[in-house]
Structures are given as C-alpha cells and as structure tokens.
Amino acid sequence: MIIFKTAATLTAFVNKAKTAGTTVGFVPTMGALHNGHISLIRQSKTENELTVCSIFVNPTQFNNPDDFKKYPITIETDINLLEQWGCDVLFLPAADEIYPPGYTSTPYDLGYLETVLEGEYRPGHFQGVCQVVDRLLTIVMPGRLYLGQKDFQQCMVLAKLVEMMKIDTSVIICPTLRETDGLAMSSRNTRLNDDERKLATKIYETLSLVKNEIKKGPLKELKEKAGTYLSSFGFKTDYVEIADASNLTLTDNWDGEKKLVVLIAAYLHDVRLIDNLILN
Ligand code: AMP
C-alpha cells in the first residue's frame, strides 16, 4: 500500500492511473477502522482496479468539541488492517492539506436534509461533512465513492453534494455491518464500557421492534413505544423516527406502500450512537 500525505502527490498519482484507464474507488473514513469500513474497501476492490482509502478526523464536522477530542485514533492498527485487506492507497493528510491557508467555503444548500434528524441535532455537522468530502473528491477524483448505509442521512447529503457540485463520481451505498448481537459496528463503540456495550444492543432491538410491528395507518404509537422502550434502559434519546426512505420525509401515517426507514440517535452516557433499518 502506498501512503500519501500530501494532496498534490496523490492527485498526480491518481491522474496518471486514470489516464492509463485504471478505475478508481474511494472510501473516505475517520479511521479507528473496523470491519464495517473494511467491507467498503472490499466492495471497492471488487469493482475497481485501484482502491483509495482516506483517514482524516475532520474537525469541521464535529459540533461537539469533546466528541472530537475523544474520537479514537488507532493509526498503526488501521494501516496494518488496510494492508491486510489489500487497499492500494492510503491518503493520510494533515489538516492543512485539506484546509490550506486561505481555504474558504460557501455554505452548501442542503435544504430540508439539514433541518431534520442529524441536521437538527448536530447543527453544522453536514456542512462540515460536505466541506471535507468536497475537498477529498477534488483531490482523489474517484469514479466511485463508497459510503455506508449506517450513516443513512449522510449518504443522502453526499448524493446531493455530488449532484449539486456536478462531481463525476457514482455514489455506492454499502450495507451496515453489525456485530453478532446486532450492534452496528462503529468507531465510537470502543468508547463504551462493558455494561454500556451490552446495553448498546438495545438500539438494534428497538429498530427490529419497529420493523416487526409496523403496519399501515398512524405510526405515532409505535414511535412512542419504541422511544419508551429505549429510554427504559437509560438511553438519552435524540430521536426515534420513521421516514420515507427515498427523501427522509418524516412519516406519521403509513400508506402501506412507501419504502420506510426507522432511524435512531441515542446517547449512552456521553457516547452518541446512531443506527437505522429499512422497514419494508
Ligand atoms: P467514519 O469513519 O465513521 O466516517 O465512516 C466511514 C465510512 O464507513 C462511512 O461511509 C460510514 O457510513 C461507513 N461505515 C461506518 N460504520 C459502518 C458499518 N457498521 N457498516 C458499513 N459501513 C460503515
């Protein structure tokens, strides 16, 4: 695996590969890699001749400074894991490679997507996500961009970014990888103590409860039941919501047809976990 630390050298390398007809897949991450990240690398490897992974803990997407400070960093293990799975290129930039002196960014018009769920509870988060991914896509110029369904709303935001900025890349959304007990893999899981780790499975249990009990008609009671269930285990719940899976419009009444997704964001002490499940 080749490791690039500067944007200019990576761009030159990818440019040369693309000129020679090589297809390029890109997996942006914030490191502390787990099998969920690796599943994206593996999918990119099956669909592209060159797979580029980036590790950059992007300060501009953290609305909570403490969350940024505590974000796990395991760079040596990450490099070994990427080598083991045959990732071709790792981009490991310092902050001033992504945001060079004089960098400015005009706000992205994300419309409705920025007003609900993660947008509502993490003000500025998606602007930061768009800033970093916009920069990374300019540097890497991949034919395909690999994202995890685990961050459902982020996938929608980034699909919109690609469209708005007319970036020539296909967005590929990969399924959520889970631990055997259902907990969605996440870098933040390493911050849970043993008791919290056990409790964390209740998020997937709650998503499954909604999936099992969803039926045509009003959804208010089911949402409340799910929220109460989760809170009963000590979670501080930001939201348990059901939305149209195609545009994230919150849904209170189901026509029995529309494709729905249930989404949860909840804290166990100071660790904020998110997950979602397609319902039908
Ligand atoms: P992160 O390092 O958390 O920014 O995640 C980098 C990419 O990996 C994002 O596209 C995530 O959606 C994706 N990802 C994170 N966790 C999982 C998971 N459990 N399964 C599949 N993809 C994931």
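Shown above is the structure to which this text applies.
Before going into details, it helps to say that this report is about the structure given with it. All values derive from a computational prediction rather than experimental measurement. (Residues numbered from 1 in each chain as written. Predicted model: local features only at pLDDT ≥ 70, side-chain atom pairs only at ≥ 80, totals over all residues. Heavy atoms only, no water.)

## Concerning the packing of aromatic side chains
For any pair of aromatic rings, geometry is given as the distance between the ring centres together with the angle between the planes. In total, this model carries seven aromatic pairs according to the counting rule given. Taken together, a centroid distance of 5.1 Å and an interplanar angle of 50° make the contact between Phe-62 and Phe-68 tilted. Residue Phe-62 is classed as buried on the basis of its relative accessible area of 10%. Look at Phe-68 and you get partly exposed, because its relative accessible area is 35%. With a centroid separation of 5.6 Å and an interplanar angle of 75°, the aromatic rings of Phe-62 and Tyr-71 are classed as edge-to-face. You'll find Phe-62 and Tyr-71 in the same group, each marked buried. Members of the aromatic cluster, joined through ring pairs, are Phe-56, Tyr-99 and Tyr-103. (Phe/Tyr/Trp six-rings, centres within 6.5 Å; stacked < 30°, edge-to-face > 60°. Buried < 20%, exposed > 50% of the residue type's maximum accessible area, 1.4 Å probe, protein only.)

## As for unusual backbone geometry
In this structure, Leu-117 takes a positive phi of about 50° despite not being glycine. Turning to its location among the elements, Leu-117 is positioned in the loop between helix 5 (95-98) and helix 6 (118-121). Note on Leu-117: relative accessible area 4%, which makes it buried. Despite not being glycine, Leu-248 has its phi angle at roughly 70°, a positive value. Inspection of the secondary structure puts Leu-248 in the loop between strand 8 (236-244) and strand 9 (253-254). (Helix = DSSP H or I, 4+ residues; strand = E, 2+ residues; numbered from the N terminus.)

## Description of the site of the ligand
Taken together, 16 residues are adjacent to the ligand, and Met-30, His-37, Asp-151, Leu-177 and Met-185 come closest. Between the ligand and the protein, one listed contact pairs an oxygen atom with a side-chain N or O atom of His-37 at 2.9 Å. The separation between a nitrogen atom of the ligand and a polar main-chain atom of Leu-177 is 2.8 Å. Sorting the residues of the shell around the ligand by element identifies strand 2 (24-29), helix 2 (35-47) and strand 5 (144-148) as the ones contributing at least two each. The biggest single contributor to the shell around the ligand is helix 2, with three residues. Partitioning the shell around the ligand into residue classes produces eight nonpolar, six polar and two charged. (Near = heavy atom within 4 Å. Polar contact = N/O pair within 3.5 Å; in protein donor to acceptor, adjacent residues only side chain to side chain. Nonpolar A, V, L, I, M, F, W, Y, C, P; charged D, E, K, R; others polar.)

## Looking at the pattern of salt bridges
The tally for this structure, following the rule as stated, stands at 17 salt bridges. Here Arg-178 ties to Asp-275 by a salt bridge, and the two come within 2.8 Å at their closest N and O atoms. Of this pair, Arg-178 sits in the loop between strand 6 (170-174) and helix 9 (194-199) while Asp-275 sits in strand 11 (residues 271-278), and the two are 97 residues apart along the sequence. Accessibility expressed as a relative area gives 21% for Arg-178, which makes it partly exposed. Put simply, Arg-197 and Asp-181 hold a salt bridge, and the shortest N to O gap is 3.0 Å. Separated by 16 residues along the polypeptide, Arg-197 in helix 9 and Asp-181 in the loop between strand 6 and helix 9 bring together distant segments of the chain. Look at Asp-181 and you get partly exposed, because its relative accessible area is 36%. Through salt bridges with shared partners, a single network forms among Asp-66, Asp-67, Lys-69, Lys-70, Arg-122, Arg-188, Arg-191 and Asp-270. (Salt bridge = Lys/Arg side-chain N within 4 Å of Asp/Glu carboxyl O.)

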